[in-house]
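Per-entry structural report
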Amino acid sequence: MRPFLSFATVAQRIPSPGALAPAVTATGEVWWHDGATDRLYRLSPRDETPEIMRAPFAIARAARLLATRWGVWTLGVDSVQRFEADTLVRLSVLDLEHWRAVDIAADARDGIYVLAVRDGCWSALRIDCAGRIKQVIDLAEEISPVHVRPSRQNGSPKRADSHRNSGEQKRWEQAPPW
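Looking only at helices and strands, the protein features one helix and 14 strands. Here the protein holds 178 residues, and the buried ones make up 37% of them. Element-wise, carbon and sulfur atoms account for 51% of the exposed surface of the protein, whose accessible area totals about 11,700 Å².

Take a look at the structure:
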């Protein structure tokens, strides 16, 4: 009898020609797709080799996979789609033809947020678990997304464009509402 679960002490390398968009499910499975093929890799916490299967196009070409208890969400070029985790059956499609989606993140209410831009204005779209836009949160210009890198002086975040301002150090001070 072992009082604790055993854990591997050495990291394991799993060959995949173009591993992209990793996601972890509530059960601890690690998912990723292979950008070079149409394969989806699913690694269970108790297995040493992943299950490899053919993925639907939206999963195989997703910029991001996001696992929630309501399924697996994909971020594509012009849509966000939700799939059933076990069977990979598509459950919902949200067409984002007037938006340019940049990223997705889970919310605390069984939905997701989509960071998107339209006509130069950044917004966070709150999507419910059925794939419907429930709220559009306009982001103020002063908190528009920028690349953040560590400062050389004290390790705090600094805007990547701060070197262009004559001696002025602009800091990332406000977090987006999600």
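The structure having been displayed, the exposition proceeds.
Quick look at the sheet that holds strand β6 (residues 71-75) now. What the four strands build is an open sheet, ordered β5-β6-β7-β8; its pairing is antiparallel. The open sheet has two edge strands, β5 (64-68) and β8 (90-95), and neither has a second partner. Within the sheet, the average angular offset between the axes of one strand and its neighbour, ignoring direction, is 20°. The pairing of β5 with β6 spans five bridges and is classified as antiparallel. Within β6, the position partnered with Thr-68 by the bridge is Gly-71.

Tracing the sequence through the fold places Leu-75 in strand β6. Accessibility expressed as a relative area gives 3% for Leu-75, which makes it buried. It is 5.2 Å that separates the C-alpha atoms of Leu-75 and Arg-64, two residues lying eleven residues apart in sequence. When residues no more than four places from it in sequence are discounted, the contact partners of Leu-75 are Ala-62, Ala-63, Arg-64, Val-80, Ala-101, Val-102, Asp-103 and Ile-104.

Counting through the fold element by element, Gln-81 comes out in strand β7 (residues 79-83). Look at Gln-81 and you get buried, because its relative accessible area is 10%. Among the polar contacts made by the side chain of Gln-81, one reaches the side chain of Ser-79 at a distance of 3.3 Å. Here Arg-90 takes part through its side chain, which lies 2.7 Å from a polar atom of the side chain of Gln-81. In this view, Gln-81 contacts Ala-58, Val-72, Trp-73, Thr-74, Arg-90, Ser-92 and Val-93; residues no more than four positions away in its chain are not counted.

Glancing now at the pairing of β8. Pairing of β7 with β8 involves five bridges; the strand directions are antiparallel. In the strand pairing of β8, Val-80 is matched with Leu-94. A loop of six residues connects β7 with β8, the two strands running antiparallel in sequence, and Leu-88 in this loop sits at a positive phi of about 65°.

What counts and how
Residues numbered from 1 in each chain as written. Predicted model: local features only at pLDDT ≥ 70, side-chain atom pairs only at ≥ 80, totals over all residues. Heavy atoms only, no water. Helix = DSSP H or I, 4+ residues; strand = E, 2+ residues; numbered from the N terminus. Buried < 20%, exposed > 50% of the residue type's maximum accessible area, 1.4 Å probe, protein only. Areas by Shrake-Rupley, 256 points an atom, 1.4 Å probe, with all protein chains shown as cover. Pairing = 2+ DSSP bridges. Axes fitted to C-alpha atoms, helices over the stretch in contact; angles between N-to-C directions. Contact = heavy atoms within 4.5 Å. Polar contact = N/O pair within 3.5 Å; in protein donor to acceptor, adjacent residues only side chain to side chain.

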